[in-house]
Amino acid sequence: MAEYATGLPIRLDHVSAAPGGVPVLEGIDLVVEAGGRTVLLGPNGAGKSTLLRVLHGLIPPSAGSVVWGYASTRPPGQAMVFQRPVLLRRSAADNVRYALDLAGVIGSEADARIAEALDEVGLRALAARPARVLSGGEQQKLAFARVWALRPEVLFLDEPTASLDPAAARSVEQIIADIHARGTTIVMTTHNLVQAKRLADDVLFLHAGSITERTSAREFFTAPRSPEAAAFLEGERL
Amino acid sequence: MNTLSESLVLAGGLVTHFDAQLVDIVVLSLRVSLTATFFAAYFGLPLGAAIAVGRFPGRPTLIVVLNALMGLPPVVVGLVVYLLLSRAGPLGSFGLLFTPGAMIVAQTVLITPIIAALTRQIVADAWAEYREQLTSLGAGTSRAAMTLLWDTRYSLATVLLAGFGRAIAEVGAVMIVGGNIAGVTRVMTTTIALETSKGDLPLALALGLVLIAIVLLLNAAAHATREWARARFG
């Protein structure tokens, strides 16, 4: 069960974004409702990662507005896992503890959550190991343990399995499914269409900084509405 | 050549027999420079981290000035501190001039920019890597700065060693504000300068050997720390 219930739905109204002065997103209207698993698809440079960061409040819009629930500033209860996990130079358990401390969870409650989270991702035996000497797959799992312990209302994932071998990627997919099963809304990007089919409830397709369609995953993969999405899927098949 | 070899033999004797005068000078040098390094770290580490993580008007100018101050001439620092601490100066009432306290002040002024500037660079590099993750987790600017200081602690240990090395090896500032008073403010570098001018080469050479040994030890310690940290923490 998610810890907070204040930051959904997320509403983007005519949002543009130009990180570093380079226009990436243009006129995005979007509502992210609670409970779903939305996968952002699109070719490289379409703006998927930028949109994810705007939704998470890491990149301010250059135009338009973002509203989380009723707030114009990002509320607590969100988390994000990046393609390359950034872990602190301390033990695996202390990486989780750091995130909990920032969220105001300390003491025995933090201890319990750390143990539970490391169990969930299969890293309990490595709790005392320095995080940065773990393998790539273990580091990404630890990033998910951090998220698991935080119990976010919404979780953003930026190509979370792109750097992993198939076995580790499958393991991470299961963790994502478990997190969603606890009531966390998932918004993620991926270039893996098979993974998108497995994980998505609905698909949001971006092309050149604009959303060209948002449909259920079943409809998207069988009968995409926009010619850009159809061409993208055709290209992937090739 | 004979003078050099004879002096080296005599210097070796002073070192191996722990000559009392030599030991006093070395102990005072270490006390002054270690204390100065402590205060420079106290001011320089948070200053460097704050400049690395913070965003405020004039930040680029401040970075340029800080980097430039790394090259502060010790004699200029000594002169400025002398003017501040002299009886007619604004800090004259403290009575620090020609005491080890004045030497600590001067060395602190000299190496704080070095520690702050190198800290800023190291923390800024780490911030580029950590920024999104720490922001995502909800870390504010000050918490992020503290986190980065801790996470880069092994690199920063090297910075502190560099600061200490600069402090213990300088002569101009401590000569001016300390006065090179025997038994009171005479440290290794000022003694080397004085004894060389007097022609007493054995003591100057002995202190030179100790100074070089300290610098070598510092570099070995810095290298070992970095290698150990890389293997242990990644």
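Everything below is about the structure shown above.
Residue positions are counted from 1 within each chain, in the order its sequence is given. Ligands are numbered from 1 and chains lettered from A, in the order in which they are written. The model is predicted, so local features are restricted to residues of pLDDT at least 70 and side-chain atom pairs to those at 80 or more, both for listing and for counting; the totals for chains, interfaces and linings are taken over all residues.

A.B. asks: I keep staring at the packing of helix 2 (residues 20–53) of chain B against helix 6 (residues 141–151) of chain B and nothing clicks. Help me out?
C.D. replies: Between two packed helices, both the angle of their axes relative to each other and the distance between the axes serve to describe the pair. All names here are of chain B. Note on geometry: axes are lines fitted to C-alpha atoms, helical ones only across the stretch in contact, with angles between N-to-C directions running from 0 to 180 degrees. Here a helix means four or more residues in a row that DSSP labels H or I, a strand means two or more in a row labelled E, and each is numbered from the N terminus. Where helix 2 meets helix 6, the closest approach of the two axes is 9 Å, and the angle between their N-to-C directions is 120°. Relative to helix 6, the element helix 2 is oriented oblique. Here helix 2 and helix 6 pass one another in a crossing that is right-handed. Where helix 2 abuts helix 6, its residues Leu45, Ala49, Ala50 and Val53 lie against Thr141, Ala144, Ala145, Leu148 and Leu149. Gly is put with the polar residues, along with every residue not named as nonpolar or charged; the nonpolar set is Ala, Val, Leu, Ile, Met, Phe, Trp, Tyr, Cys and Pro, and the charged set is Asp, Glu, Lys and Arg. Its residues assigned to classes, the contact of helix 2 with helix 6 shows eight nonpolar, one polar and no charged. In these notes the angle categories are as follows: under 35 degrees is roughly parallel, over 145 is roughly antiparallel, 65 to 115 is roughly perpendicular, and the rest is oblique. For any helix crossing, the convention is left-handed if the near helix is rotated counterclockwise from the far helix by under a right angle, and right-handed if that rotation is clockwise. Here, residue contact means that the backbone-derived C-beta atoms of the two residues sit within 7 Å.

A.B. asks: What should I look at first to understand the sheet that holds strand 9 (residues 210–216) of chain A in this one?
C.D. replies: Strand pairing in a sheet takes place through backbone hydrogen bonds and is either antiparallel or parallel in direction. All names here are of chain A. Read from one edge of the open sheet, six strands run 5-6-7-3-8-9, paired in mixed fashion. Unpaired on one side and paired on the other, strand 5 (78–81) and strand 9 mark the two borders of the sheet. Ignoring strand direction, the axes of neighbouring strands in this sheet form an average angle of 15°. At least two DSSP bridges between two strands are needed for those strands to be called paired. Across five bridges, strand 6 (residues 154–158) lies against strand 7 (residues 185–189) in parallel orientation. Residue pairing for strand 7: Asp158 is matched across the bridge by Thr189.

A.B. asks: What exactly am I supposed to notice about the interface of chain B and chain A here?
C.D. replies: By a widely used convention, the size of an interface equals the accessible area lost when the partners come together. Each side of the interface is counted separately: chain B has 14 residues, and chain A has 15 residues. Going through the elements one at a time, helix 5 (100–137), helix 6 and helix 10 (201–233) of chain B are the ones with two or more residues in the side of chain B that touches chain A. When residues in the side of chain B that touches chain A are grouped by element, the largest group, seven residues, is from helix 5 of chain B. Broken down by class, the residue content of the side of chain B that touches chain A amounts to four nonpolar, six polar and four charged.

A.B. asks: Quick question: what am I supposed to make of the sheet that holds strand 1 (residues 10–17) of chain A here?
C.D. replies: Residue and element names in this part refer to chain A. Here we have three strands laid out as an open sheet, ordered 2-1-4, and antiparallel in their pairing. The sheet is open, and its two borders are formed by strand 2 (25–32) and strand 4 (63–68), each paired with just one other strand. In this sheet, adjacent strand axes meet at a mean angle of 15° when their direction is disregarded. Alignment of strand 1 against strand 4, held across five bridges, turns out to be antiparallel. What sits directly across from Arg11, in strand 4, is Val67. Docked against the sheet, helix 1 (residues 48–56) engages strand 1, strand 2 and strand 4, running at close to 55° with respect to strand 2.

A.B. asks: Would you mind showing me how to read the environment of Glu227(B) here?
C.D. replies: Looking at the secondary structure, you find Glu227(B) in helix 10. Put simply, Glu227(B) and Tyr154(B) are 73 residues apart on the chain and 9.5 Å apart in space, counted from C-alpha to C-alpha.

A.B. asks: Which parts of the structure should I look at to understand helix 4 (residues 74–85) of chain B?
C.D. replies: Because an α-helix packs 3.6 residues into every turn, residues spaced three or four apart end up facing the same way. Expected helix span is computed as 1.5 Å times (number of residues minus one). Taking 1.5 Å of rise per residue, 12 residues should cover 16 Å, and helix 4 of chain B covers 16 Å from first to last C-alpha, within 8% of that figure. Against the buried residues of helix 4 of chain B lie helix 5 and helix 8 (172–178) of chain B.

A.B. asks: Sorry, what's going on with the environment of Arg186(B) here?
C.D. replies: Along the chain, the position of Arg186(B) falls in the loop between helix 8 and helix 9 (188–198). Leave out the neighbours within four places in its chain, and Arg186(B) touches Ile25(B), Asn180(B), Ile181(B) and Thr191(B).

A.B. asks: Explanation requested: the packing of helix 4 (residues 136–150) of chain A against helix 5 (residues 166–181) of chain A in the structure shown.
C.D. replies: All names here are of chain A. For the pair helix 4 and helix 5, the least separation of the axes is 10 Å and the interaxial angle reads 5°. Compared by their axis directions, helix 4 and helix 5 come out roughly parallel. In this structure, helix 4 contributes Gly137, Gln140, Lys141, Phe144, Val147 and Trp148 to the contact, and helix 5 contributes Ala168, Val172, Ile175 and Ile179. The residue inventory of the contact of helix 4 with helix 5, partitioned by class, reads seven nonpolar, two polar and one charged.

A.B. asks: Is there a simple way to explain the pairing of strand 6 of chain A in this structure?
C.D. replies: Successive residues of a regular strand alternate their side chains across the two faces of the sheet. Residues and elements named next belong to chain A. With five of five residues buried, strand 6 lies mostly within the body of the structure. Here the C-beta atoms are placed from the backbone, and a residue counts as buried if at least 20 other C-beta atoms lie within 10 Å of its own, exposed if 12 or fewer do, and partly exposed otherwise. Neither face of strand 6 is left uncovered, since the one carrying Val154, Phe156 and Asp158 and the one carrying Leu155 and Leu157 both have all their residues buried. For strand 5 and strand 6, the ladder comprises four bridges, and the chain directions are parallel. Looking at strand 6, one finds that Val81 is bridged to Leu157. Clockwise travel from the first strand over the helix to the second, with the strands pointing away from the viewer, marks a crossover as right-handed. Read as a crossover between parallel neighbours, the route from strand 6 over helix 5 to strand 7 is right-handed.

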